[in-house]
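# Report on the structure
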Amino acid sequence: TQTDKNIYFKKNNVDIYSLKHFDRSNLNRRSISFFLHNLRVAIKLIKMDKKHNFDIIEFANWEVEGFIFALICLLIKSKVKIICRLHTGTLDSDLYNKTVTLSTQIIHFAESLFVKFPNVNLYTSTFAHAQNSRKLYDLKFKKISVIPLGIKLQAKRQQNQLKSEKNKSFNVVFIGR
């Protein structure tokens, strides 16, 4: 959500946070200003995690703020679970772009490091993409969960699951665009 202020509300047992929108429309993805922007987002997340004690933080894809946040969490030994949904990463898409620059090499290195962090859990929507990512990032021993898009749960199973987890509460943050 793009807002000019932070938003928080609770619905059932789910706490929902929306960060103030940091405008990045004028930022080149391969610039220092983009890195600094993402550092600001990661620092904001660290502060929010200390205040709210998140159970899970999900990143929609590998991005710099996810890398910085996960690295800081590793260094401070944070217990927050970080989940990253793999789509087409920069390393994957740049295989078709034959231009190799210092900036692309740095991004590829950071991306490859991020997906190997022990505090980052990975998932994707297809088995083929999981296999491709495993080869691309040399993830021999890292689990990549597959959660297909658009799959409906059986109504009975869904009801039973809701009943069994009715009294549980999770604090989840989704970092998306």
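You'll find the structure just up there.
Summary of the structure given here. (Residues numbered from 1 in each chain as written. Predicted model: local features only at pLDDT ≥ 70, side-chain atom pairs only at ≥ 80, totals over all residues. Heavy atoms only, no water.)

## Concerning the overall build of the chain
In terms of helices and strands, the chain carries six helices and seven strands. Shown N-terminal to C-terminal, the secondary structure of the chain runs as helices and strands in the order β-β-α-β-α-β-α-α-β-α-β-α-β. In the chain, the share of contacts with a sequence separation of at least 24, taken over all contacts with a separation of at least 6, comes to 61%. Accessible surface, the chain: about 12,000 Å² in total, of which carbon and sulfur atoms supply 57%. (Helix = DSSP H or I, 4+ residues; strand = E, 2+ residues; numbered from the N terminus. Contact = heavy atoms within 4.5 Å. Areas by Shrake-Rupley, 256 points an atom, 1.4 Å probe, with all protein chains shown as cover.)

## What to know about the packing of aromatic side chains
Scanning the model with the defined rule gives three aromatic pairs in all. Ring geometry for Phe114 against Phe117: centres 6.1 Å apart, planes inclined by 65°, an arrangement best described as edge-to-face. Of the two residues, Phe114 and Phe117, neither departs from the other in class, the shared state being buried. An aromatic cluster of at least three residues, connected via ring pairs, comprises Phe67, Phe114 and Phe117. (Phe/Tyr/Trp six-rings, centres within 6.5 Å; stacked < 30°, edge-to-face > 60°. Buried < 20%, exposed > 50% of the residue type's maximum accessible area, 1.4 Å probe, protein only.)

## Overview of the environment of Thr104
Structurally, the position occupied by Thr104 is in helix α4 (residues 102-114). Judged by relative accessible area, which is 2%, Thr104 ranks as buried. Taking C-alpha positions, Thr104 is 8.3 Å from Leu91, a pair spaced 13 residues apart along the chain.

## Quick word on the pattern of salt bridges
If the charged atoms of two oppositely charged side chains come close together, the side chains can form a pair. All told, the structure shown has two salt bridges when counted by the stated rule. The salt bridge partner of Lys140 is Asp138, with a shortest N-O separation of 3.7 Å. (Salt bridge = Lys/Arg side-chain N within 4 Å of Asp/Glu carboxyl O.)

## Remarks on the pairing of strand β3 (residues 56-59)
Walk down a regular strand and you will see the side chains alternate between the two sheet faces. The side-chain alternation of β3 yields two buried faces, one formed by Ile56 and Glu58 and the other by Ile57 and Phe59. Alignment of β3 against strand β4 (residues 81-85), held across four bridges, turns out to be parallel. Residue pairing across strands places Ile56 opposite Lys81, the latter belonging to β4. (Pairing = 2+ DSSP bridges.)

## Quick look at helix α5 (residues 127-136)
Where α5 is concerned, the buried positions are His129, Ala130 and Ser133. Down the axis of α5, the buried side of the element spans an arc of 105°, and every buried residue falls inside it. When the buried face of α5 is taken as reference, the exposed residues oriented beyond 90 degrees from it are Phe127, Ala128, Gln131 and Lys135. Among the structural elements, α3 (90-94), β5 (120-124) and β6 (144-146) are those in contact with the buried residues of α5. Positive phi appears at Asp138, one or two residues downstream of α5, with a value of about 55°. (Arc of directions from axis to C-beta.)

## Quick notes on the nonpolar core
Among the nonpolar cores identified, the biggest contains 31 residues, and Phe69, Ile82, Phe114, Val120 and Leu122 are the most heavily contacted of them. When contributions to this core are tallied by element, the ones reaching two or more residues are α1 (32-52), β3, α2 (64-76), β4, α4 and β5. Dropping the residues within four chain positions of it, Phe114 is found in contact with Trp62, Gly66, Phe67, Ala70, Cys84 and Val120. (Core = buried A, V, L, I, M, F, W, Y, C linked by side-chain atoms within 4.5 Å.)

## Observations concerning α4
For α4, spanning 13 residues, the distance from its first C-alpha to its last is 18 Å, which sits close to the expected 18 Å at 1.5 Å a residue. Along α4, the residues that are buried comprise Thr104, Ile107, His108, Ala110, Glu111, Ser112 and Phe114. (Expected span 1.5 Å × (residues − 1).)

## Topic: the pairing of β5
Among the five residues that make up β5, four are buried, leaving the element largely enclosed by the rest of the structure. Where β4 meets β5, four bridges bridge the pair, whose relative direction is parallel. Across the sheet, Ile83 pairs through a bridge with Asn121, a residue of β5. Inspection of the sheet shows β5 paired to β6 by three bridges, in the parallel sense. Across the sheet, Leu122 pairs through a bridge with Ile144, a residue of β6. For the handedness criterion, the β-α-β arrangement of β5, α5 and β6 is classed as right-handed. (Right-handed = clockwise from strand over helix to strand, strands pointing away.)

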